[in-house]
Amino acid sequence: MESSAERLRGLRITSLDGDDDETVVPHQPSPAPGAAAADYEDDDEDEEEEAEVTLGVLKKPKHPGILLRHLFPSKAGGIPAWLDPVNLPSGKSSCCGFCGEPLQFVLQIYAPIEDNAAAFHRTLFVFMCPSMACLLRDQHEQWSHKHGNPCRSVKVFRCQLPRTNAFYSTEPPKHDGSDKPLFPGAPVCHWCGTWKGDKICSSCKKARYCSEKHQALHWRTGHKNDCLQLISSSDSSKSVLPAIGKVPASTSWPEFEIEIDYEATFDSDSCDENNSKSLVMQRHGKPDAMMQSWMDQFEADADNKCWASFQERVSRAPKQVLRYCREPNAKPFWALSSGCPANADIPSCSSCKGPLCYEFQIMPQLLYYFGVGNQPDSLDWATIAVYTCQGSCDQSVSYKEEFAWVQLYPTTTTRR
Ligand SMILES: [Zn+2]
Ligand SMILES: [Zn+2]
Ligand SMILES: [Zn+2]
Ligand SMILES: [Zn+2]
């Protein structure tokens with residue numbers, strides 16, 4: 001059986017060189033992930049065999065260049081490395097369905113599909129509105145719309161390309177500093193660095209924005225002065241506009257590389273209990289007024305049991321921010337038994353109308369790395385499960401919107 005980890009590591013790219021797999025693969029896979037997993041499953045023998053899960057953990061990039069689009073990165077925070085750098089999502093697609101503001105980049109995963117030539121390169125992009133008020137409204141929409149979710153504050157886009165395409169070489173990247181994209185990307189917003197910069201400053205005619213909101217923010221934080229400078233200087237090399245890929249730190253979450261490995265390679269003995277609790281619980285207090293109160297309240301109920309088993313499983317690899325498994329029998333690992341979708345709650349593919357299947361989930365630990373605070377209106381979730389087109393269809397637009405199911409903690413859903 002082909003493993004998700006291998007796919008995620010871009011095996012497809014390394015295999016272009018024949019059997020030479022030393023360029024991209026960061027770790028060798030565990031020789032027997034199945035056997036190691038079996039040790040953990042002693043107490044539920046009745047369960048059908050579990051699909052092999054790979055985990056994503058965050059690393060500070062060794063140097064900034066390794067997260068550029070022509071190296072097909074998996075990354076969190078910063079700005080997206082658009083796979084198709086020209087036909088970006090725009091208009092309503094790029095904005096929160098509630099407040100209407102441009103969405104913020106959360107993460108992207110490079111996940112090509114071995115037996116699908118149209119998905120030789122394939123990347124999934126997740127965006128989110130940083131407002132918790134919008135996420136709470138999103139919750140409501142998620143339940144009330146059985147088929148499709150026209151209004152969302154969390155959006156997932158899938159982009160894929162065949163091996164021969166206008167943007168990248170058919171040869172795998174060499175990772176020696178000589179790799180370059182074949183094609184420049186569309187100009188992006190000078191404020192967020194994320195979305196297409198279709199609007200141009202009417203004074204300097206140089207600064208570009210995705211939205212009036214970002215133009216206003218840029219104006220207030222310095223462009224008011226820089227704009228005059230841009231008008232008077234004809235030397236474009238001395239531009240005061242930020243270089244491509246450089247945006248004000250305040251406009252994005254901190255940038256990380258996502259490293260992928262099998263769950264079974266994380267040895268439970270080597271992780272210390274306190275540490276494991278800390279990442280999930282840290283943001284929730286000591287050990288957690290909020291969490292403890294509802295655990296007492298619902299003692300021994302289904303949510304409590306589910307949460308305990310979620311905690312136990314996560315503690316094997318406490319730093320995981322992502323769980324990935326695109327196998328037919330894969331299911332999300334819910335943090336709670338309430339707030340899970342029924343099959344009927346998962347819509348069909350918005351492009352081909354075919355079925356969606358579960359592909360990965362985002363863990364709450366990501367919020368810790370993003371430095372999201374613990375105020376009542378701070379962003380918070382128990383898990384976000386992403387469902388993608390089973391056939392990874394290749395029609396219509398370059399960025400196809402997939403489906404995310406957000407599970408919140410009961411305290412979050414009831415606290416306002
Ligand atoms: Zn919003
Ligand atoms: Zn913008
Ligand atoms: Zn200007
Ligand atoms: Zn489809």
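Residues numbered from 1 in each chain as written. Chains lettered and ligands numbered in written order. Predicted model: local features only at pLDDT ≥ 70, side-chain atom pairs only at ≥ 80, totals over all residues.

### Structural notes on unusual backbone geometry
If a residue is not glycine, its phi is most likely negative; likewise, a peptide bond is most likely trans.
Point 1. Positive phi, normally seen in glycine, also occurs at Phe 72, with a value near 50 degrees.
Point 2. Along the chain, Phe 72 turns up in the loop between β1 (54-59) and β2 (75-76).
Point 3. You will see that Lys 205, though not glycine, has its phi angle at about 55 degrees, which is positive.
Point 4. Along the chain, Lys 205 turns up in the loop between β6 (199-200) and β7 (208-209). (Helix = DSSP H or I, 4+ residues; strand = E, 2+ residues; numbered from the N terminus.)

### Here we look at the UniProt feature "domain: MYND-type" (unreviewed entry) in the protein
Point 1. Under the UniProt annotation, "domain: MYND-type" (unreviewed entry) lies at residues 189-227.
Point 2. In this annotation, residues 189-227 is assigned 41% helix and 10% strand; the end-to-end C-alpha distance for the span is 15 Å. (UniProt positions renumbered as here; feature names shortened; annotations may be inferred.)

### Some points on the nonpolar core
Point 1. Membership of the largest hydrophobic core comes to 82 residues, with the highest contact counts inside it found for Val 126 and Val 386.
Point 2. Split by domain, this core shows at least three residues from each of two domains, domain 1 (4-180 + 251-269 + 317-406) and domain 2 (189-243).
Point 3. The residues contacting Val 126, other than those within four sequence positions of it, are Val 106, Leu 107, Val 156, Ile 362 and Val 386. (Core = buried A, V, L, I, M, F, W, Y, C linked by C-beta atoms within 7 Å. Buried ≥ 20, exposed ≤ 12 C-beta atoms within 10 Å, placed from the backbone. Domains from an automatic or database assignment. Contact = placed C-beta atoms within 7 Å.)

### Structural notes on the sheet that holds strand β4 (residues 121-128)
Point 1. As summarised here, the arrangement of the 10 strands in space is β1-β8-β2-β3-β4-β5-β12-β11-β10-β9, forming a closed barrel in which the pairing is antiparallel.
Point 2. In this sheet, strand β3 (residues 104-110) lies alongside β2 in antiparallel orientation, the contact comprising 2 bridges. Paired with Lys 75 across the strands is Gln 108, a residue of β3.
Point 3. Contacts from helix α4 (residues 132-144) reach β5 (154-161) and β12 (400-407) within the one sheet, and its direction differs from that of β12 by about 100 degrees. (Pairing = 2+ DSSP bridges. Axes fitted to C-alpha atoms, helices over the stretch in contact; angles between N-to-C directions.)

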